[in-house]
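Residue-level structural notes
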Amino acid sequence: MSREYEVLCIRCPKGCRLRITVEGNEVHVSGFACLEGKRFGEEEVRNPRRIVTTTVRILNARYPRLPVRTAEPVPKDKIRDVIEALKGVVVKAPVRRGQVIVKDVAGTGVDVIAERDMEAVG
Amino acid sequence: MKDVVVIGGGPSGMAAAVKLAGKGYDVALIERKEELGGILDQCIHDGFGTKIFGKALSGPEFAGHFMDEVSKLGLDVHLNTYVKSVNAGGDVKELVTVSPRGVERIKARSIVYAIGCRERHPFEIKVGGTRPAGVYTAGMVQRLVNLYGILPGRRVLIVGGGDVGMIVARHLYLEGVESITVVFPEEFFVGLPRNVQQCILDFNIPFRPRTVVKEMVGKERVEGAILVKVDENWRPIPGTEEFYPCDTVIFSVGLVPYAKKLRAIGAEIDPRTRGPVVNEFFETTVRGVFAAGNLVQIFDYVDDAVESAYIAADGVEKYLKGEKRLDNPVPFKPGSNVRTLTPHRLEWKDERPVVAFLRPAVEGRAWIIVRGGNGEILKKEFRQYVRPSTLERIEIPREAISGAEEVYVDVARV
């Protein structure tokens, strides 16, 4: 039995419309303009992943929130868990861009990093 | 006396300043806010920089790269500084600035304006009803949520199917608002396909095409909105009104170049882009005054905005060196299937290809066709898929257009 999907590639702004057919262990992708798109299509049906971006609380800084993201894409069904895991997190300025804020967030094996420098204020 | 003053410390302003300082010019960079980075500080989602850096960065990361360059070069940066007035008439430009240091004057040989755009608001799209609390623009919501951790409300209606609206929808959904619906008059979302997928479809966020807000309802606070269906010409269909209960209405109905300041110094404005009329190096109709980034026109990607800043920086260099201009500038005109086109004219002697940005008025497989005044084809380039929501970029070699008295750029469906 084969299943068919239509997915928009999100690897680059082109936004190719991918047609994906899955037959058992075989994944066939068409409609891509580059190999990145082919790879995305294969991963999108086997194990779809996304970068998650949100904010955490920061003390002694210019703003009360620090933007953070997962250093790598995490499985799509873990997005909510990642957001929940970051809810109580409080950091203190100064923070440097790329600094690890939470290690192995929500058991994904992926770290959460700061998106920007934030100086200590006051 | 500075060689050049760059007004605006967002990505385009920083890019222009960094490139000019790198060439050895004496540059001042003026920013109204207390830090550089522009609007990217609130764009915490990823997807920036795929063209320039070959990877998807977040807004603050993209800005951070240029902020590092600015400090590495030891640029003369004026923060918390507002440009009160500019006299750009002569060879020496004079700026009057206001900052905590007081009122100051800066003299410069040239100016780059990189002051971006502003959001369109509900008054511009003729929404009826009351004006209670709980009505926001999308950018304002991004700021509240991403910098201050404040959710605007619990039940949200988003008006507009562009990129900013979709990104805000995803963000509010993840940050825990109770309900979201997105409405827009078009048949489908008008933003980038990747945003439709990863912001809307990924989370099954409800949306209603061919729908607009007829009226806002509520005395002190938004209680809801009256939605109405529209036909393909965006005309309301009588009898389709429906009350949608919500406590927040967010308008994400487009961006407009902030060209007021350029108009004030006498620069000509293009009614299509609503930005300045520019030549191929993004010089306005005021000699020695250049524009870059979203002030010129609204770019889809910050990467393209930064490219416009690099081109403007090359133009500043030509201006400062006193290089030769063409005896007869060549007008660039949009064809019937093109909504906006920059540049508006070819004015300099140069070897480099002209980079033109155009917004098609049609959708589908197409050729971008560059024609001369007599209709002869000077260059054509195939596109797998064009759409009005995606800005097209085309490089036109100088040889191809040498001798042409005017140049038309059009799009032809295949």
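Along each chain, numbering runs from 1 in the same order as the chain's sequence is written. Working convention: letters from A go to chains and numbers from 1 go to ligands, in the order in which they are written. Per-residue local features are limited, in this predicted model, to residues with pLDDT of at least 70; the limit for side-chain atom pairs, both in listing and counting, is 80 or more; totals at the level of whole chains, interfaces and linings are taken over all residues. As a convention, hydrogens and water are excluded, and side-chain values are obtained from all of the structure's heavy atoms.

1. Remarks on the nonpolar core
- By size, the foremost hydrophobic cluster in this structure holds 64 residues, and its most contacted members are B:Val27, B:Leu95 and B:Tyr113.
- For this core, the element with the most residues is helix H7 (residues 302–321) of chain B, which contributes ten residues.
- As used throughout, domain bounds are those supplied by an automatic or database domain assignment. Here this core gathers at least three residues from each of two domains, domain 1 (1–119 + 255–323) and domain 3 (327–414) of chain B.
- Residue contacts follow a heavy-atom distance rule, with two residues in contact if any of their heavy atoms lie within 4.5 Å. When residues no more than four places from it in sequence are discounted, the contact partners of B:Val27 are B:Lys2, B:Val4, B:Val6, B:Ala17, B:Leu20, B:Ala21, B:Leu75 and B:Asp76.
- The next biggest cluster of nonpolar side chains, apart from the first, holds 49 residues, and it includes A:Val89, A:Ile101, B:Val156 and B:Leu172. Here, the term nonpolar core denotes a set of buried Ala, Val, Leu, Ile, Met, Phe, Trp, Tyr and Cys residues that are joined through side-chain atoms within 4.5 Å. Residue burial is assigned from relative accessible area. The probe radius is 1.4 Å, only protein chains are included, and a residue is buried under 20% of its type maximum, exposed over 50%, and partly exposed in between. Numbering of helices and strands starts at the N terminus; helices are DSSP runs of H or I of at least 4 residues and strands are runs of E of at least 2.

2. Notes on the sheet that holds strand E24 (residues 354–360) of chain B
Residues and elements named next belong to chain B.
- Pairs of strands are assigned from DSSP output, requiring at least two bridges between the strands. Spatial strand order, E22-E24-E27: three strands in an open sheet with antiparallel pairing. Edge positions in the sheet fall to strand E22 (338–342) and strand E27 (392–396), since each of these pairs with one other strand and no more. Each neighbouring strand pair of the sheet contributes to a mean axis angle of 25°, computed without reference to strand direction.
- In the sheet, E24 pairs with E27 via five bridges, with the strands oriented antiparallel. Residue pairing in the sheet places Ala 356 in a bridge with Ile 394 of E27. Comment: axis = line fitted to C-alpha atoms, over the contacting stretch for helices; angle = value between 0 and 180 degrees taken between N-to-C directions.

3. Side note on the sheet that holds strand E13 (residues 179–183) of chain B
Residues and elements named next belong to chain B.
- Strand order in the open sheet formed by five strands is E11-E18-E12-E13-E14, with parallel pairing between adjacent strands. Of all strands in the sheet, those bounded by a partner on one side alone are strand E11 (135–137) and strand E14 (207–208).
- Where E11 lies against strand E18 (residues 248–251), three bridges are found, and the strand directions are parallel. Paired with Thr 137 across the bridge in E18 is Phe 251.
- Each of E11 and E18 is contacted by helix H3 (residues 138–148), which is oriented at about 90° to E11, the strand it contacts most.

4. Considering the UniProt feature "domain: FAD/NAD(P)-binding" (unreviewed entry) in chain B
- UniProt positions are given in the numbering used here, feature names are shortened, and annotations may be inferred rather than shown by experiment. Using the residue numbers shown here, the UniProt feature "domain: FAD/NAD(P)-binding" (unreviewed entry) corresponds to residues 2–308 of chain B.
- Between the C-alpha atoms that bound residues 2–308 of chain B the distance is 22 Å, and the span itself is 23% helix and 29% strand.

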